[in-house]
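Each chain, written out:
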Amino acid sequence: MQQFYFICACVLSGILGLCVGSFLNVVIYRVPNGMSIAKPNSHCPTCKYELRWYDNIPVVSYLMLGGKCRSCKTHISFRYTAVEIANTVLWLLSALLFWRQSIPLACINMAVSSIFICIFFIDLEHKIIPDRFQVMLLLLGVASCFFDENVFWGSQLVGGIAGFAVFYLISWLFEIFYHKEGLGGGDVKLAGVVGLLLGWERLLLGLLIATIPAAIILSILSRGKEGEGREFPFAPFLVLGFGTSMFFGTQIINWYLSLFGI
C-alpha cells in the first residue's frame, strides 16, 4: 500500500510540476519587467491576443499550435515549453528522492527547484536576480533546518555565512584590482541563502560544479572584440551547480570520501 501511495505522489508531483511550470513562465516574463503576475491575462506580446484555456495547456498547446501564436502566427520561444518540462522533471525528481525521507523536505525541494528555474532564465536574459527570490530561498533554507537529516544547524549556519562572506570578498577584491564589478550583489546574496539551505559541504560542492563549466564557457565567450567588456550572467551556472548538489550532493560526497576509505 505504501508503494501505491508513493507512486501516486510521484505522478501527482509531475502533473502539478507541469502546471506550476506554466505559471513560472508568467513570473519569468513579468517580474523583471515590473508587471503584475495576476493581471492582465496571458496574451501574445506581439498582437495582444488573449490566450484561451486551450492555448495554455502546458507543452500540448505549444505542439498543437506548431510553436506559433494562434492569431498572428508569430513564433513562440521554445523556452516556455523548456521551463514547463524542466519544472516537471525537477518536481518528479524531488518526489522520487525525498518523499520517503520527509514529505515537507520534498515539498521544499520542489519550491527551491521552481525558484532556481526563475533565477536561471531571468538572470540569463536580464542579468538580475530579484530580491523576492532571495527572500523565498532564505525562508525555505530556514524551514529545511527542521526536515533535512543530511545537514544540521551548525553546517547550515556556516554555509550561509561562508557563502555570503566568500562571494562578497571575491567581489570586493575584483573591484579593487580590476576597477569593475566581478560578481553582482545578487550572486553574493544567492550564495549566502543557498549556503543556509544546503550546508557548507554541499555548498562547496555546488560551487565546484558551477565554476568548472563557467570558467570554460565564459572564457570562450569573452574572447575577441565582441566579448571584450561584456557582462556575463553567472547565476545560471550557480543554479545548475546548486541544483545538482541539492539533489545528489550527499551521494557525490559520500562516493568521493569512500575513495579514501572514509
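I will try to describe carefully the structure that is included in this document. (Residues numbered from 1 in each chain as written. Predicted model: local features only at pLDDT ≥ 70, side-chain atom pairs only at ≥ 80, totals over all residues. Heavy atoms only, no water.)

Quick look at the side chain of glutamate 84 now. Within the element layout of this structure, glutamate 84 appears in helix H3 (residues 79-98). The buried charged residue glutamate 84 lacks any salt bridge partner; its closest oppositely charged side chain belongs to arginine 79, at an N-O distance of 9.6 Å. Residues in contact with glutamate 84, not counting those within four places in the same chain, are Gly17, Leu18, Gly21, Ser22, Asn25, Pro58 and Val59. (Helix = DSSP H or I, 4+ residues; strand = E, 2+ residues; numbered from the N terminus. Buried < 20%, exposed > 50% of the residue type's maximum accessible area, 1.4 Å probe, protein only. Lys, Arg positive; Asp, Glu negative; His and termini not counted. Salt bridge = Lys/Arg side-chain N within 4 Å of Asp/Glu carboxyl O. Contact = heavy atoms within 4.5 Å.)

Ile119, Leu137, Leu190 and Phe242 are the most contacted members of the largest nonpolar core, which totals 42 residues. With 11 residues, the top contributor of residues to this core is helix H4 (residues 103-126). When sequence neighbours within four positions are dropped, the list of residues in contact with phenylalanine 242 reads Phe116, Leu190, Ala191, Val194, Leu198, Leu203, Gly206 and Leu207. The next biggest cluster of nonpolar side chains, apart from the first, holds five residues, and it includes Phe6, Trp91, Ala95 and Met110. (Core = buried A, V, L, I, M, F, W, Y, C linked by side-chain atoms within 4.5 Å.)

To continue, consider a nonpolar patch on the surface. On the surface, a nonpolar cluster with roughly 570 Å² of combined accessible area is contributed by Leu138, Val142, Phe146, Phe147, Trp153 and Leu157. Looking at where leucine 157 falls in the secondary structure, it is placed in helix H6 (residues 153-178). Given a relative accessible area of 44%, leucine 157 falls into the partly exposed group. (Patch = residues over 30% accessible without salt bridge, like charges linked within 9 Å, V, L, I, M, F, W, Y side chains within 5 Å. Areas by Shrake-Rupley, 256 points an atom, 1.4 Å probe, with all protein chains shown as cover.)

For the structure shown, the criterion picks out two salt bridges. With a shortest N-O distance of 2.7 Å, lysine 189 and aspartate 131 are connected by a salt bridge. Of the two residues, lysine 189 sits in helix H7 (residues 185-198) while aspartate 131 sits in helix H5 (residues 131-144), which places them 58 residues apart along the sequence. For lysine 189, a relative accessible area of 33% corresponds to the partly exposed category.

This paragraph deals with the packing of helix H1 (residues 2-30) against H4. It is the contact of H1 with H4, at a shortest axis distance of 10 Å, that shows an interaxial angle of 35°. The interaxial crossing formed by H1 with H4 has right-handed handedness. For the pair H1 and H4, contact is made by Ser13, Val20, Leu24, Val27 and Ile28 and by Met110, Ser114, Ile117, Cys118, Phe121 and Ile122, respectively. Residues belonging to the contact of H1 with H4 are distributed by class as follows: nine nonpolar, two polar and no charged. (Axes fitted to C-alpha atoms, helices over the stretch in contact; angles between N-to-C directions. Left-handed = near helix turned anticlockwise from the far one by under 90°. Nonpolar A, V, L, I, M, F, W, Y, C, P; charged D, E, K, R; others polar.)

Further remarks concern the environment of isoleucine 117. Here isoleucine 117 lies in helix H4. Along the backbone, isoleucine 117 and asparagine 25 are 92 residues apart, and their C-alpha atoms lie at a distance of 9.7 Å. When near neighbours in sequence (up to four residues on either side) are disregarded, isoleucine 117 contacts Leu24, Ile28, Val83, Ala86, Asn87 and Leu90.

The subject of this paragraph is the packing of aromatic side chains. A full pass over the atoms with the stated rule returns eight aromatic pairs. Ring plane angle 65° and centroid distance 5.8 Å describe the contact between tyrosine 62 and phenylalanine 78, whose orientation is recorded as edge-to-face. With a gap of 16 residues between them, tyrosine 62 in helix H2 (residues 60-64) and phenylalanine 78 in the loop between H2 and H3 connect regions that are remote in the sequence. Here phenylalanine 120 and phenylalanine 121 contribute two aromatic rings whose centre-to-centre distance is 5.0 Å and whose plane-to-plane angle is 65°, an arrangement assigned as edge-to-face. Feature note: the residues Phe98, Phe247 and Phe248 constitute an aromatic cluster, connected by ring pairs. For the cation-ring pair, arginine 79 lies above tyrosine 80, with the distance from its terminal atom to the ring centre recorded as 4.7 Å. Positioned above the aromatic ring of phenylalanine 6 is the side chain of arginine 100, whose terminal nitrogen or guanidinium carbon lies 3.9 Å from the ring centre. (Phe/Tyr/Trp six-rings, centres within 6.5 Å; stacked < 30°, edge-to-face > 60°. Lys NZ or Arg CZ within 6 Å of the ring centre and 35° of its normal.)

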